[in-house]
Each structure stands twice: as C-alpha cells, then as structure tokens.
Amino acid sequence: MSGESDNSATVVRLDAVLRILLDNQRKSEGMKIGDQILILQDVGLSQADAGRILGVDGNQIPSYLRAAENKRLKEKLTKKRKEK
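Being a predicted model, the structure only gives us computed values, none of them experimental. (Residues numbered from 1 in each chain as written. Predicted model: local features only at pLDDT ≥ 70, side-chain atom pairs only at ≥ 80, totals over all residues. Heavy atoms only, no water.)

Draft legend 1. Focus on the environment of Arg26. The topology assignment puts Arg26 in helix 1 (residues 3–29). Of the residues examined, Arg26 reaches a relative accessible area of 22% and is grouped as partly exposed. In this structure, the C-alpha to C-alpha distance between Arg26 and Gln36, residues 10 residues apart in sequence, is 8.8 Å. If sequence neighbours within four positions are ignored, Arg26 has contacts with Met31, Lys32, Ile33, Gln36 and Leu54. Separated by 2.3 Å, the side chains of Arg26 and Asp23 make a polar contact. At 2.6 Å, the side chain of Arg26 and the side chain of Gln36 are in polar contact. (Helix = DSSP H or I, 4+ residues; strand = E, 2+ residues; numbered from the N terminus. Buried < 20%, exposed > 50% of the residue type's maximum accessible area, 1.4 Å probe, protein only. Contact = heavy atoms within 4.5 Å. Polar contact = N/O pair within 3.5 Å; in protein donor to acceptor, adjacent residues only side chain to side chain.)

Draft legend 2. Expanded view of the pattern of salt bridges. For the structure on display, the rule yields 3 salt bridges. A salt bridge links Arg52 to Asp15, with the nearest nitrogen and oxygen atoms 2.7 Å apart. Linking Arg52 in helix 3 (residues 47–54) with Asp15 in helix 1, this pair joins segments that are 37 residues apart in sequence. According to the relative accessible area criterion, Arg52 is partly exposed, its value standing at 45%. Asp15 sits in the buried class, given a relative accessible area of 14%. (Salt bridge = Lys/Arg side-chain N within 4 Å of Asp/Glu carboxyl O.)

Draft legend 3. Structural detail: helix 3. Inspection of helix 3 places Ala50, Gly51, Ile53 and Leu54 among the buried residues, and these make up the whole buried set. With its buried residues spanning 160° around the axis, helix 3 presents them on a single face. (Arc of directions from axis to C-beta.)

Written out as structure tokens, the structure reads:
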C-alpha cells in the first residue's frame with residue numbers, strides 16, 4: 001500500500017471511531033448534532049469535515065448550527081473565534 005492510501009484508510013477508521021463516540025454521546029447525554037458540530041469546529045475541523053463525521057449532508061449543517069440548543073457553548077465558541 002502506498003502512504004497516501006494508508007493515510008486515507010486511517011482517516012476513515014478515525015472518522016468511524018469519532019462517529020461511534022458522538023452517536024453514543026447523543027444517546028446518553030442528549031447532546032444535539034448542532035452542538036457537536038460546534039465542538040468539532042472548535043477543535044479545528046471544517047463544517048464539511050464535521051458533517052462527514054456525523055453523517056450530515058453539507059447543505060444541512062447551517063440548519064443544525066442555527067438550531068444548536070447549547071446557547072452558552074455557541075456563545076463561548078463564537079467569542080473564542082473572534083478573539084483569534
């Protein structure tokens with residue numbers, strides 16, 4: 001296998017692990033997809049990457065973000081981005 005295909009396979013596996021963890025978080029803690037997208041963006045992922053991990057179409061991401069219920073988290077992350 002080439003190095004590029006090794007990296008691609010690793011990314012797919014890591015995305016799968018993240019999705020399992022995030023699905024479990026939604027079930028056990030009642031966290032919403034919009035809140036999870038905010039958290040994934042805070043750690044440096046793009047909206048498209050966050051959507052891919054969560055299994056959300058790119059055109060649906062803005063509506064999930066608008067509906068994010070954790071207003072404190074949303075405000076905190078927005079303020080943090082503005083400070084950068």
